[in-house]
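Structure at a glance
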Amino acid sequence: MTVFKSSLIFFLLIGSLIFSEFIRPVPNSVDVQDFPSLESSIPISFEGWHSINQGLPQIVDPQAEKSLDAIYSQTLSRIYVDKQQEKIILSLAYGPNQTEPLRVHKPEVCYPAQGFNIESNEVGQLEVAGQEIPVKFLKGVSSDYTEFVTYWIVVGGVAVATDLGFKLQQFKFSLDGKIPDGLLFRVSSHGQDAKAEYQKQKRFVNDLINNVDLETRKILLGEYSR
Amino acid sequence: MRLNMSRLDVYKNKKVLIWLPIIAGLIFLFTPTYIELYHIFWSKDEQGHGPLVLVIALFLFWQKKELFLKDRELTGQSTLGWSLLFISLIVYILAKWQYILVAEVAVQIPILIALILITSGYSVLKRLWFPLFFLIFIVPLPGSVVDAITMPMKIAVSNVVEMVLYNFDYPIARDGVILQIGYYKLLVADACAGLHTVFSLEAMGLLYLHLVKRDSFLRNVSLAMLIIPISFVANVIRVIALVLITYYYGDEVGQGFLHEFAGFVLYGTALIFIISTDIFLQKLELKLAQKKARRAATEESDIDSF
C-alpha cells in the first residue's frame, strides 16, 4: 500500500460522489408551488352531488399523519352525496416528489393498514369525458363492511395504474434529471354489488371532471393520457 | 535513541498519510447518504435502531484498528478488491441517480470490503466479518418487503393479544387489526407489528452473541432463530401493556409518554428472553456433554469389568 494508491482511492470516492450528485435529479421544492389548491379547484356541489361535512368514523393514527406530511403537500378527502343519498368518498393526495421513499401510497397498501382485506384487485380502463384512463379496481373487506375502490395515479402528467407504469415514468424523468410529481385520485364507496358501485363511481368521476376547469382536469386526468 | 524515535514517527506519519485519504473519502462519500437516511427513516420510530447500529459498528472497527497498522504482503487479493470497488461505486452512482436509498446504503458494505481487500488483504477481512455483517442492520428494509410481511404479523399479534386479554375477562373485541377495549378503539399500527423491532432485536441478539464470544455453533444458530419468536412474544407483551394502559388511564396517556415506555418494555422483555434462552441453551449443552462423558465413562468401566 502506498500513499499514491490511497490518494487514488480518495479521488475515486470523491469522483463518484461528485458525479452522482451531478446526475442526481434535484427534488422539486415543496413550498414554492405553482400547483393550485385542490380544496378550491374541486367544487363542493355539482350535478346533484354535494359534499357533506361529517365523515365516516375514522381512526386517527398520529404517527401515520406525521409521515403523510412528509409525502404530500396537499390532501383532500370529501364525502359526496347525491339526491338518492348515494355516498362516494373522494380522496386526492398530491406529492411533489415521486422518489421511492416519498411516493404516493397505493390504496392496496393503505387499506390493509387500516384493517381491510383486499379481496380483489384488477387493472382496467375507465372512460372519463371521452378519455380512456388506466385504473385499478379494488374490493376491500373489513368484517361486515365492504368498500369498493377505483383509483389511478397521475405521475409526471401521465395517468398510470400499475407499478410498472409508475416506475417507467420515474425513469423517463430521471433521464432528464427530473423527479416527477404525483397525484393519487381515489374514489370509494360502501356497498355489496360490485358492478353497481363501480358504475356509480364512474358516474361520479365523469360528473366531477365535467365540472372542473381545464387546468384542474389536466391535473386530475394527466395531460398526455389517452 | 533519537534516531529510533524519529524513524517511528516517520513510520506512523506514513501510515496516517495512507489512511487519511481513504477515511476522508469514505466520510465524504457517505455523509449525504446518512443525512438522507436520517431525514427519511431515522427520524421515525421504526428505524430508530439505525444510529445505534452505526455507532456500534464504528466502535467494533475501532477496536480492531491495530489490524490496519501492520504491514502485509499482498499478492493477488488487491485485483479482486479493485474490481469490487469499481463495481460498487457504479452501483452507488446508479442508486443515487434513481433515488434507491436502500441500495445506496447497502453498497457501503461491498465498498468497505473492497477497501479492506486492497489495503490489508483477505486475512484482515476475515477478522472483520462481524462489524461488516452488522452494518446490514443499517440498511432500511425495502417498502415492498415491509408491506408483504407487516400485515400477517399485525393480525397474528392482535389475535394473540385478544385471546390473552379475553381469557383474563377483559371486555375486548377484535376486528382485523383494530382492538376494542371498553370505550377505546386501538389500531395496531405498522410500527406495533414489530417488523422493525424484529430487525433491531435480531441486531441486538447477534451483537450479544458476538460480545460474549459463544464458541458453540449450536447455541449461535438456535439463538439466532429463536430471536423471531422471542420478538413476537415481546411485541404481544408490548401491545397488551398499551391496551391495558389505555383501558385504565385513558387514550391520552396510552398515546403519550407511556407509548414510549411500552417501547422500552418491549426491548427489556426481549433482552431478558434472549439472555435467559442463552443461559438455558448453555446449561442444556453442558448437561449433554456431561451425559456423553458419563456414558463414555460407564462404557469404559464395562470394558474394565470384562
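No experiment lies behind these values; they were computed from the predicted model shown.

Counting secondary structure elements, chain B contains 13 helices and three strands. The buried share among the 306 residues of chain B stands at 31%. In chain B, of all internal contacts separated by at least 6 residues, the share reaching a separation of at least 24 is 71%.

The next thing to look at is the overall build of chain A. On a plain count of helices and strands, chain A comes out with seven helices and nine strands. Of all 226 residues assigned to chain A, the portion counted as buried reaches 33%. A separation of at least 24 residues holds for 67% of the contacts in chain A among residues at least 6 apart in sequence.

A word on helix 6 (residues 194-209) of chain A. Residue and element names in this part refer to chain A. When the terminal C-alpha atoms of helix 6 are compared, their 22 Å separation across 16 residues agrees well with the 22 Å that a helix rising 1.5 Å per residue should span. All of the buried residues in helix 6 are Glu 197, Tyr 198, Lys 200, Gln 201, Phe 204, Val 205 and Leu 208. Seen end-on, helix 6 carries its buried residues on one side only, within an arc spanning 155 degrees. Of the exposed residues in helix 6, those oriented more than 90 degrees away from the buried face are Lys 195 and Gln 199.

Time to look at the sheet that holds strand 1 (residues 172-175) of chain B. All names here are of chain B. In space, the three strands of this open sheet follow the order 1-2-3, with antiparallel pairing throughout. One side of each edge strand has no neighbouring strand; the edge strands of this open sheet are strand 1 and strand 3 (184-187). Neighbour-to-neighbour, the strand axes of this sheet turn through a mean angle of 20 degrees, independent of strand direction. Relative to strand 2 (residues 178-181), strand 1 is paired through four bridges, and the arrangement is antiparallel. Pairing of Ile 172 across the sheet is with Ile 181, part of strand 2.

A separate point is the environment of Glu147(A). Residue and element names in this part refer to chain A. Within the secondary structure, Glu 147 sits in strand 7 (residues 145-155). Residues Glu 147 and Gly 191, spaced 44 residues apart in sequence, show a C-alpha to C-alpha distance of 6.4 Å. Non-local contacts of Glu 147, meaning those with residues more than four positions away in its chain, are made with Phe 116, Gly 140, Ser 188 and His 190.

A few words on the interface of chain A and chain B. Opposite the 30 residues of chain A that make contact, chain B presents 35 residues. Elements represented by at least two residues in the side of chain A that touches chain B include exactly helix 1 (3-23), helix 3 (62-71) and helix 4 (107-113) of chain A. The element that contributes the greatest number of residues to the side of chain A that touches chain B is helix 1 of chain A, accounting for 13 residues. Its residues placed into classes, the side of chain A that touches chain B shows 16 nonpolar, eleven polar and three charged.

The next subject is the pairing of strand 6 (residues 131-142) of chain A. All names here are of chain A. Relative to strand 6, strand 5 (residues 117-128) is paired through eleven bridges, and the arrangement is antiparallel. By the bridge assignment for strand 6, Val 123 is matched with Lys 136. In this structure, strand 6 lies alongside strand 7, joined through seven bridges in antiparallel fashion. In the strand pairing of strand 7, Gly 140 is matched with Glu 147. Between strand 6 and strand 7, which pair antiparallel in sequence order, lie two residues; one of them, Ser 143, sits at a positive phi of approximately 45 degrees.

For the rest of this paragraph, the subject is the environment of Ile227(B). All names here are of chain B. Along the chain, Ile 227 turns up in helix 11 (residues 217-249). The exposure class assigned to Ile 227 is buried, which follows from the 24 C-beta atoms found within 10 Å. Filtering out sequence-adjacent residues up to four positions away, Ile 227 remains in contact with Leu 201, Glu 202, Gly 205 and Ile 274.

Let us now look at the pairing of strand 9 (residues 182-190) of chain A. All names here are of chain A. Most of strand 9 sits inside the fold, with eight of its nine residues counted as buried. Where strand 4 (residues 87-95) and strand 9 come together, seven bridges link them in antiparallel fashion. Looking across to strand 9, one finds that Ser 91 is bridged to Arg 186. Pairing analysis gives nine bridges linking strand 7 to strand 9, with the strands arranged antiparallel. Within strand 9, the residue paired with Thr 150 across the bridge is Val 187.

Attention now goes to helix 5 (residues 108-119) of chain B. Residues and elements named next belong to chain B. Taking 1.5 Å per residue as the helical rise, helix 5 with its twelve residues ought to reach 16 Å, and the 16 Å between its terminal C-alpha atoms agrees with that figure. Three or more residues of helix 5 are buried, namely Gln 108, Ile 111, Ala 114, Leu 115, Ile 116, Leu 117, Ile 118 and Thr 119. Once helix 5 ends, the next one or two residues include Gly 121, with phi positive near 95 degrees.

So, about the packing of helix 3 (residues 77-97) of chain B against helix 5 of chain B. All names here are of chain B. Relative orientation of the contacting elements helix 3 and helix 5 amounts to 155 degrees, with a least axis distance of 8 Å. Here helix 5 runs roughly antiparallel to helix 3, going by the angle between their axes. The hand of the helix 3/helix 5 crossing is left-handed. Residue-level inspection shows Gln 77, Ser 78, Leu 80, Gly 81, Trp 82, Leu 84, Leu 85 and Ser 88 of helix 3 in contact with helix 5, the latter providing Pro 110, Ile 111, Ile 113, Ala 114, Leu 115, Leu 117 and Ile 118.

Core analysis: the largest hydrophobic core is formed by 60 residues, its most contacted members being Leu115(B), Val161(B), Val239(B) and Val243(B). Here this core takes nine residues from helix 11 of chain B, the largest share from any one element. Looking at which domains feed residues into this core, each of domain 1 (2-135) and domain 2 (144-305) of chain B supplies at least three. Core analysis: the next-biggest nonpolar cluster, separate from the first, contains 39 residues, Leu90(A), Phe148(A), Ile153(A) and Val205(A) among them.

Turning to the confidence of the model for chain A, a few remarks are in order. Looking at chain A, pLDDT values average 83 and 89% of them are 70 or higher. Scored below 50 in pLDDT, residues 55-60 of chain A makes five contacts in the model with residues more than four places away or belonging to other chains.

Before going further, it helps to spend a moment on unusual backbone geometry. Residue and element names in this part refer to chain A. At Gln 85, a residue that is not glycine, the phi angle is positive and equals roughly 65 degrees. Position of Gln 85 among the secondary structure elements: in the loop between strand 3 (74-81) and strand 4. In this model, Ala 129 sits at a positive phi of 50 degrees, which is unusual for a non-glycine residue. Structurally, Ala 129 is set in the loop between strand 5 and strand 6. You can call Ala 129 partly exposed: it has 13 C-beta atoms within 10 Å.

The rules behind the values
- Residues numbered from 1 in each chain as written.
- Chains lettered and ligands numbered in written order.
- Predicted model: local features only at pLDDT ≥ 70, side-chain atom pairs only at ≥ 80, totals over all residues.
- Helix = DSSP H or I, 4+ residues; strand = E, 2+ residues; numbered from the N terminus.
- Buried ≥ 20, exposed ≤ 12 C-beta atoms within 10 Å, placed from the backbone.
- Contact = placed C-beta atoms within 7 Å.
- Expected span 1.5 Å × (residues − 1).
- Arc of directions from axis to C-beta.
- Pairing = 2+ DSSP bridges.
- Axes fitted to C-alpha atoms, helices over the stretch in contact; angles between N-to-C directions.
- Nonpolar A, V, L, I, M, F, W, Y, C, P; charged D, E, K, R; others polar.
- Parallel < 35°, antiparallel > 145°, perpendicular 65-115°, else oblique.
- Left-handed = near helix turned anticlockwise from the far one by under 90°.
- Core = buried A, V, L, I, M, F, W, Y, C linked by C-beta atoms within 7 Å.
- Domains from an automatic or database assignment.
- pLDDT = per-residue confidence, 0-100.

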